[in-house]
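Structural features, examined
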Amino acid sequence: MFIRFALTADLQFSRDLTPEAVLAAGDTVQEANEVLFRRGVPAEAEDEQIGKITEWSAHDSVISLAIESGPYTRAHDALFRFRKLIAQAMGRHRLGLREITVRSFSVEIPGHIPDEAIPKLPFIRSVSSHAESVRIDLACSATDLENRVPDRIVKLIEEKKEAALYGGKTEHWELVFESGKRERIFEGNPTEEMLARGWIKHGASRGQWIFAPQAVALFRAFERIVVEEIIRPLGFSEMIFPKLVPWEVWMRSGHAKGVYPEIYYVCTPKTRDPSYWEDIADYFKVTGEVPVEMIRDRLDGPIGGMCYAQCPPFWPFVQGETLANDCLPIRVFDRSGTSHRYESGGIHGIERVDEFHRIEILWLGTAEQTIETANRLHETYTRVFEDLMELEWRSARVTPWFMAQEGMLGESGSADIGTRDYEALLPYSNSWLEFQNVSVNGDKYPKGFNVKIQSGADCWSGCSGIGLERWTAAFLAQKGFDTAKWPEAVARLVDEPKEIFRFL
Ligand SMILES: Nc1ncnc2c1ncn2[C@@H]1O[C@H](COS(=O)(=O)NC(=O)[C@@H](N)CO)[C@@H](O)[C@H]1O
Ligand SMILES: [Zn+2]
């Protein structure tokens, strides 16, 4: 049993076919079936697996075709091969091919396909499941066929079938390193303690915090440690990556394959003309309510969303370029703004929030340079967590973040490509918090953004996200709030917290 494609289509010519043209069309059909559709097909392919025009007729200015195929010279590929041949043949009878109308298109996929593996798409007209196969009738235009929509639907079904098998599987997790145990100094919940001390307050938006000077002093202390112990010694240069991400970037980074449930979407006004918005403002002035429904009708987009993974918007800087060997490896970082995720995992304290502050470290070069930089980062992070922050922590190989953000599970399939999560113990909940990671992303981004290297070697990249909320949560959960008990390397960077607000 193999996959089958079938279509019927009408080819509209510029004038009625003459009897000679009809004869020529018959010869062309025969030549296509016997020669053209067999080109590039393996010798061992059976006849019924190869695309064939099974019926045809000519009336007035139209040639109607029925094409069937197996996996070789798929029906829609046969249609476009035939188009070229018949246009030449009819051209000799002064007949121009005007357009192709696809009347029907079906694909029959062997095997058991669970319902959840069938995507809900406008192209799918009907689905009929049989014991050994599923038949899908598609509504496709000739352009859809040229864009290979049927092939992409088949691939999507295979992926969904695979994911349905993975269903029970959790994310990949394999321990790499664990530190020694540390003396329990504090057992409280850091978020609650920070709230009680006025270090933070809930922001007005979901999963958002307002950080008072005491909390920011700790954020900045960690930033200084990152700059002094990691960024500067390893030679990373600061850049500013955009924070509003258009679809074009997420299409190339792969996020467009599955990040929709967690994006903070961004829309634009249909027009800046103040009079267009006057009634909205008036409505608010009169009612004190913002008429969101009315506003929604006046928006374009969403044009994309707020920063999510932080590194993708960097890539247009090198898109389409070839990098000179002597400028590699490129090592940069960004800490210029917030990341936003409509966290489906639910929000929790300052640990899992919708708006967070991350230092995104990014490097690119040859595969060797990329792996070497990741290893140098592992070494420096280990020294920071062991000797400076004196944390109880561990690291683990996990499903690569870029796969997880495309809704995939499992592994990258290459030992060198993947994500290593760093986790810190939270004594108050006796659980482990991923507070940062280091990833070798392989050629995914350079390929996605068409970046080459002078030597012709594959360009690879890596990135590491340092979440300042998470570093803070991990540190305070383990070290508590008495700065006298903090490790010297951190305490020396934080002045005595000043109370500037006094609420009555
Ligand atoms: N909801 C969240 N709240 C707080 N911090 C978060 C949240 N999501 C991610 N982070 C921080 O961002 C880091 C990297 O996020 S990631 O999704 O794992 N990886 C990426 O996005 C990569 N581009 C590297 O940044 C996490 O280790 C964590 O420190
Ligand atoms: Zn990244």
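All residue numbers refer to position in the chain's written sequence, counted from 1. Chain labels run from A onward and ligand labels from 1 onward, assigned in the order the entries are written. Selection of residues for local features in this predicted model requires a pLDDT of at least 70, selection of side-chain atom pairs for listing and counting requires 80 or more, and totals for whole chains, interfaces and linings are taken over all residues. To obtain the side-chain values, all non-hydrogen atoms of the structure were included, while hydrogens and water were left out.

Each protein donor to the zinc ion (ligand 2) is listed here as Cys311 (SG), Glu360 (OE) and Cys463 (SG); together their distances run 2.0 to 2.4 Å. One way to put it: the four donor atoms around the zinc ion (ligand 2) meet at angles of 104 to 120°, and that makes the site tetrahedral. Distances define the donors: N, O and S atoms within 2.8 Å of the metal qualify, as do those within 3.2 Å of Na, K or Ca. Water is excluded, so some sites may look unfinished. Donor angles set the geometry label: tetrahedral for four donors if every angle is between 85 and 135 degrees, square planar for four and octahedral for six if opposite donors exceed 155 degrees and the others are between 65 and 115, irregular for anything else.

The next subject is the sheet that holds strand E12 (residues 265-269). Pairing in this open sheet of three strands is antiparallel, and the strands run E11-E13-E12 from one edge to the other. The open sheet is flanked by strand E11 (244-246) and E12, the only strands paired with a single partner. Each strand of the sheet is rotated relative to its neighbour by a mean of 50°, with strand direction disregarded. Alignment of E12 against strand E13 (residues 299-306), held across four bridges, turns out to be antiparallel. From the neighbouring strand, Pro269 faces E13, where its bridge partner is Leu299. Two strands are said to pair when DSSP picks up at least two bridges between them. A run of H or I in DSSP counts as a helix once it spans at least four residues, and a run of E counts as a strand once it spans at least two, with each numbered from the N terminus. In this analysis an axis means a line fitted to C-alpha atoms, helices contributing only their contacting stretch, and an angle means the value between N-to-C directions, from 0 to 180 degrees.

Attention shifts here to unusual backbone geometry. The omega torsion of the bond from Gly301 to Pro302 falls at 10°, within 30 degrees of zero and hence cis. Here Leu328 and Pro329 are connected by a cis peptide whose omega angle stands at -5°. In this structure, Pro329 sits in the loop between strand E14 (322-323) and strand E15 (330-334). Here the phi dihedral of Asp60 falls at roughly 55°; this positive angle occurs in a residue that is not glycine. What makes Asp60 exposed here is its relative accessible area of 55%. Even without being a glycine, Asn430 presents a positive backbone phi close to 50°. Checked against the element boundaries, Asn430 lands in the loop between strand E19 (418-426) and strand E20 (431-442). Throughout, exposure labels follow a simple rule: accessible area from a 1.4 Å probe, protein chains only, divided by the maximum for the residue type, with under 20% read as buried, over 50% as exposed, and the rest as partly exposed. Given a relative accessible area of 55%, Asn430 falls into the exposed group.

Moving on, we come to the side chain of Gln405. As for its placement among the helices and strands, Gln405 is situated in the loop between helix H11 (401-404) and E19. Residue Gln405 is classed as buried on the basis of its relative accessible area, which comes to 11%. Sequence-distant contacts of Gln405, that is, excluding residues within four places in its chain, are made with His255, Gly258, Val259, Tyr308, Ala309 and Arg341. We call two residues contacting when some pair of their heavy atoms lies within 4.5 Å.

This part takes up the pattern of salt bridges. Salt bridges are defined by distance alone: a side-chain nitrogen of Lys or Arg within 4 Å of a carboxyl oxygen of Asp or Glu. With the rule as written, the count across this model stands at 32 salt bridges. Residue Asp300 is joined to Lys270 by a salt bridge in which the shortest nitrogen-to-oxygen separation is 3.3 Å. Placement of Asp300 in strand E13 and of Lys270 in the loop between E12 and helix H8 (274-287) is noted, with a sequence separation of 30 residues between them. Where Glu343 meets Arg352, a salt bridge forms, and the shortest distance between an N and an O atom there is 2.8 Å. The network of salt bridges with shared partners includes Arg74, Asp77, Arg148 and Asp151.

Below, the discussion takes up the site of ligand 1. Put simply, a residue is near a molecule or strand once any heavy atom of it comes within 4 Å of that molecule or strand. Contacts to ligand 1 come from 20 residues, most closely from Glu343, Val353, Glu360, Gln405 and Glu434. N or O atoms closer than or at 3.5 Å make up a polar contact, with two conditions inside protein: a donor-capable atom paired with an acceptor-capable one, and, for residues adjacent in sequence, both atoms drawn from side chains. A distance of 2.8 Å separates a nitrogen atom of ligand 1 from a polar backbone atom of Val353. Arg358 places a side-chain nitrogen or oxygen 2.9 Å from an oxygen atom of ligand 1. Look at ligand 1: alone it shows 570 Å² of surface, and the protein chains cover 96% of it. Listed by contribution, the elements that provide at least two residues to the shell around ligand 1 are strand E17 (355-365), E20 and strand E22 (460-467). Here the shell around ligand 1 takes four residues from E20, the largest share from any one element. Methods summary: accessible areas were calculated by the Shrake-Rupley approach with a probe of 1.4 Å, and residue burial reflects only the protein chains presented.

Turning next to the domain arrangement of the protein chain. For the domain bounds, the source is a domain assignment made automatically or taken from a database. Split into domains, the protein chain comes out as domain 1 (4-166) and domain 2 (173-244 + 308-491). On a C-alpha basis, the centroid separation for the pair domain 1 and domain 2 is 49 Å.

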